[in-house]
Amino acid sequence: MNVYDSDKVSALLLCSGMSKVEELDDADVVVLNTCHVREKAKHKVYTELGYLRERKEARFAEGKPFIIAVGGCVAQAEGAKMLERAPFVDIVFGPHTYNELPNMIRSVRKPTDDGDHVALETAHLEIFFKNKRPRLLNIGFSSEDKYKSLPFLNVEKKSAYLAIQEGCDKFCTYCVVPHTRGREVSRDAQAIIQEAKSMAASGVCEITLLGQNVNSYRYEDVSEKWLFADLIRAVCEIDGIKRVFYTSSHPVDVTLDLIKAHAELPQLMPFWHLPVQSGSTNVLRAMNRHYSVDDYKRTVDNIRKYNPDIAMCSDFIVGFPGEDDEAFEQTLELVRYVNYAQAFSFKYSPRPNTVACDLPDQVDDSVKAERLARLQSLLREQQTQFNTNCIGQTLSVLFQKHGKCSNQVLGKSQFMQSVVLHTPNPEMYMNSIRNVFITGATLSCLEGRIVN
Ligand code: 5AD
Ligand code: SF4
């Protein structure tokens, strides 16, 4: 979602007449997009800001401007605190107001004697002044469909993200997202399909549908009702769309229709990111996940019944308050049961205003670290095994990147694996989907040769 947001911010600024520079030293404006999901991500923001402060001072000494805008969920959560703690930051804006960024930047560009020319049409904006310079705080939750005003830039990419829903109503007890991204809102289905069509018309062949709880997508108006699987079917039907992924799904919102859609639609890729978080039903209850370990296993079994070759992927949190040795062992058991192709795993990180940070039995960091290492070692084994099993198979690969060496081109398989091809002519394969016979595999990469 953050990559998508950053791309949109870039597109907005380009449309407003700015251009991208290669070197930070040449920038008049810097935009930081930020993530608040774990404490570490927040620390990184302030570390980065410390560095940008030095750049700003150096640029000012040369009489050059340097506007610093901080957006995203850390900005949303910190708000005025960020303006206070980092007095050299000019603009703090949340994930709901980034479509107003070009105007905000215009407004802080010139010093002013009064705030009159800061005429931004938004109810949420607060203006602070430092040395007669306006500093903006814009962290409201707009009821407007911000996506309507966001441009899609034809940048000759073959794959694109498409946000279909934002926010979350699930309120997992560890998670800050409902507090920063707000309540769950599904976009108008026809607007999404139109956007997908214009992406296809500009050459995009792979779309990743995005939402915090993408499969709880639901859109209704007077004449029609859309659930997630309906939307997927419509996107897969669009001429030119050859591959569809989505992320991230919630186990309680998995429907039989969605499972069947995977079996029926060749465009819907056989990769399912279905975060479980923990293999202990007690921990899941404390997390407010609304399913038991058995429920999750049944869902995975059902997915595999219809889609035997699907690659399963998950997120895990270790060291959630109250997770004892037995609960952690149950997580390892579940991992052995499911056999994941990929996974993301984290130490529990207490987040402000969430229920879990006040729960008793918080787990020591050293225990979290030890559990994370054990879990990751098992997950790495499974991922390596999944990749190794691909040797001798022919996979469909969309090539889009140059490799480290000039004779390499990099792509992504239908199972989301990185695939490298060695060829004297990488350009020949760039931006195309090819059948690749897999000859080698490691934890993080496959290699192979083209099958005609
Ligand atoms: N601590 C650790 N991991 C977290 N996640 C969300 N909140 C936290 C937290 N407080 C993880 C979950 C989620 C992923 C995006 O980030 O596993 O699925
Ligand atoms: Fe956070 Fe849970 Fe919502 Fe995912 S489902 S965004 S983990 S609250």
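Quantities reported herein were computed from a predicted structural model and do not represent experimental measurements.

**Observations concerning helix 12 (residues 325-338)**
With 14 residues, helix 12 ought to run about 20 Å at 1.5 Å a step, and its terminal C-alpha atoms sit 20 Å apart, in line with that. By the burial criterion, the buried members of helix 12 are Ala 327, Phe 328, Thr 331, Leu 332, Leu 334, Val 335 and Val 338. The buried side chains of helix 12 occupy one side of the element, clustering within an arc of 155° when seen end-on. Away from its buried face, by an angle of more than 90 degrees, helix 12 presents the exposed residues Asp 325, Glu 326 and Glu 333. Against helix 10 (281-287), helix 11 (293-306), strand 14 (311-318) and helix 13 (365-389) lie the buried residues of helix 12. Following helix 12 by one or two positions, Asn 339 adopts a phi angle in the positive range, close to 65°.

**So, the site of ligand 2**
Around ligand 2, a shell composed of Cys 168, Lys 170, Phe 171, Cys 172, Tyr 174, Cys 175, Val 177, Pro 178, Gln 212, Asn 213, His 250 and Arg 289 is seen. Here the shell around ligand 2 is composed, by residue class, of 7 nonpolar, 3 polar and 2 charged.

**Some remarks on the packing of aromatic side chains**
The description of an aromatic ring pair uses the distance of the two centres, along with the angle that the planes make with each other. By the definition in use, this model includes 8 aromatic pairs. Every member of this aromatic cluster is reached through a ring pair, and the members are Tyr 174, Phe 320 and Tyr 348. Positioned above the aromatic ring of Phe 346, the side-chain terminus of Arg 38 is 3.5 Å from the ring centre. A cation over an aromatic ring shows up here: Lys 297 above the ring of Tyr 337, its NZ or CZ 4.7 Å from the ring centre.

**Observations concerning the domain arrangement of the protein chain**
Each assigned domain of the protein chain is listed with its residue range as follows: domain 1 (2-138), domain 2 (146-318) and domain 3 (394-450). Here the C-alpha centroids of domain 2 and domain 3 sit 26 Å apart. In this complex, domain 2 contributes 14 residues to the contact, which on the side of domain 3 involves 11 residues. Between domain 2 and domain 3 the total buried area reaches about 1,000 Å² when both faces are included, carbon and sulfur atoms providing 64% of it. The interface formed by domain 2 and domain 3 holds 1 salt bridge in total. As a salt-bridge pair, Lys 412 and Glu 206 come within 3.2 Å of each other at their nearest N and O atoms. Across the contact surface, domain 2 and domain 3 share 6 residue pairs in polar contact (both at pLDDT 80 or more). Across the side of domain 2 that touches domain 3, the residue classes break down as 6 nonpolar, 1 polar and 7 charged.

**A word on the pattern of salt bridges**
Under the definition given, this model contains 25 salt bridges. Between Glu 57 and Arg 53 there is a salt bridge, with its nearest N and O atoms 3.3 Å apart. Taken together, the residues span about one helical turn, with Glu 57 and Arg 53 both in helix 2 (residues 39-61) at a distance of 4 residues. Its relative accessible area of 48% is what places Glu 57 among the partly exposed residues. In this structure, the salt-bridge partner of Asp 253 is Lys 170, at a minimum N-O distance of 2.7 Å. Residue Asp 253 is located in the loop between strand 12 (243-247) and helix 9 (256-264), and its partner Lys 170 is located in the loop between strand 7 (165-166) and helix 6 (177-180); the two are separated by 83 residues in the primary sequence.

**A word on the pairing of strand 12**
Where a strand is regular, its side chains alternate between the two sheet faces. Strand 12 sits mainly inside the fold: 4 of its 5 residues count as buried. Bridge analysis of strand 9 (residues 206-210) against strand 12 gives 5 bridges, and the strand direction is parallel. Across the sheet, the residue bridging to Leu 210 is Thr 247, located in strand 12.

**Details of the sheet that holds strand 13 (residues 271-273)**
Strand order in the open sheet formed by 3 strands is 13-14-15, with parallel pairing between adjacent strands. This sheet does not close on itself; its edge strands, each paired only once, are strand 13 and strand 15 (342-347). Put simply, the sheet's adjacent strands are angled 10° from each other on average, direction ignored. Inspection of the sheet shows strand 14 paired to strand 15 by 6 bridges, in the parallel sense. Along strand 15, the bridge assignment pairs Ser 314 with Ala 343.

Cut-offs used in this document
Numbers given for residues are sequential positions, taken from 1 along each chain in its written order. Naming scheme: in the order in which they are written, chains are lettered from A and ligands are numbered from 1. Local features in this predicted model are restricted to residues whose pLDDT is 70 or higher, and side-chain atom pairs enter the listing and the counts only when it is 80 or higher, whereas totals over whole chains, interfaces and linings include all residues. To obtain the side-chain values, all non-hydrogen atoms of the structure were used and water was disregarded. In this text, helices come from DSSP runs of H or I with a minimum length of four residues, and strands from runs of E with a minimum of two, each type numbered from the N-terminal end. Helix span is expected to be 1.5 Å times the residue number reduced by one. Exposed residues in this analysis have more than 50% of their type's maximum accessible area, buried residues have under 20%, and partly exposed residues fall in between, with area computed by a 1.4 Å probe over protein chains only. Here the arc refers to the set of directions running from the helix axis out to each C-beta atom. Whether two residues are in contact is decided by their heavy atoms, any of which lying within 4.5 Å being enough. Summary of the distance rule: residues count as near a molecule or strand when at least one heavy atom falls within 4 Å of that molecule or strand. Three classes are used, and their members are as follows: Ala, Val, Leu, Ile, Met, Phe, Trp, Tyr, Cys and Pro are nonpolar, Asp, Glu, Lys and Arg are charged, and the others, Gly among them, are polar. Two aromatic rings from Phe, Tyr or Trp, using only the six-membered ring of Trp, form a pair when their centres are within 6.5 Å; if the ring planes differ by under 30 degrees the pair is stacked, by over 60 it is edge-to-face, and anything between is tilted. Geometrically, a lysine NZ or arginine CZ counts as sitting over a ring once it is within 6 Å of the ring centre and also within 35 degrees of the ring normal. Either an automatic procedure or a domain database provided the assignment from which the domain bounds are taken. Put simply, buried area is how much 1.4 Å-probe accessible surface two parts lose in total, over both of them, once they are put together. A carboxyl oxygen of Asp or Glu within 4 Å of a side-chain nitrogen of Lys or Arg is what we treat as a salt bridge. Pairing of N or O atoms within 3.5 Å defines a polar contact, subject to two protein rules: one partner must be a possible hydrogen donor and the other a possible acceptor, and residues neighboring in sequence count only if both atoms are side-chain atoms. Strands were regarded as paired on the criterion that DSSP finds at least two bridges between them. What counts as an axis is a line fitted to C-alpha atoms, over the stretch in contact for a helix, and the angles between N-to-C directions run from 0 to 180 degrees.

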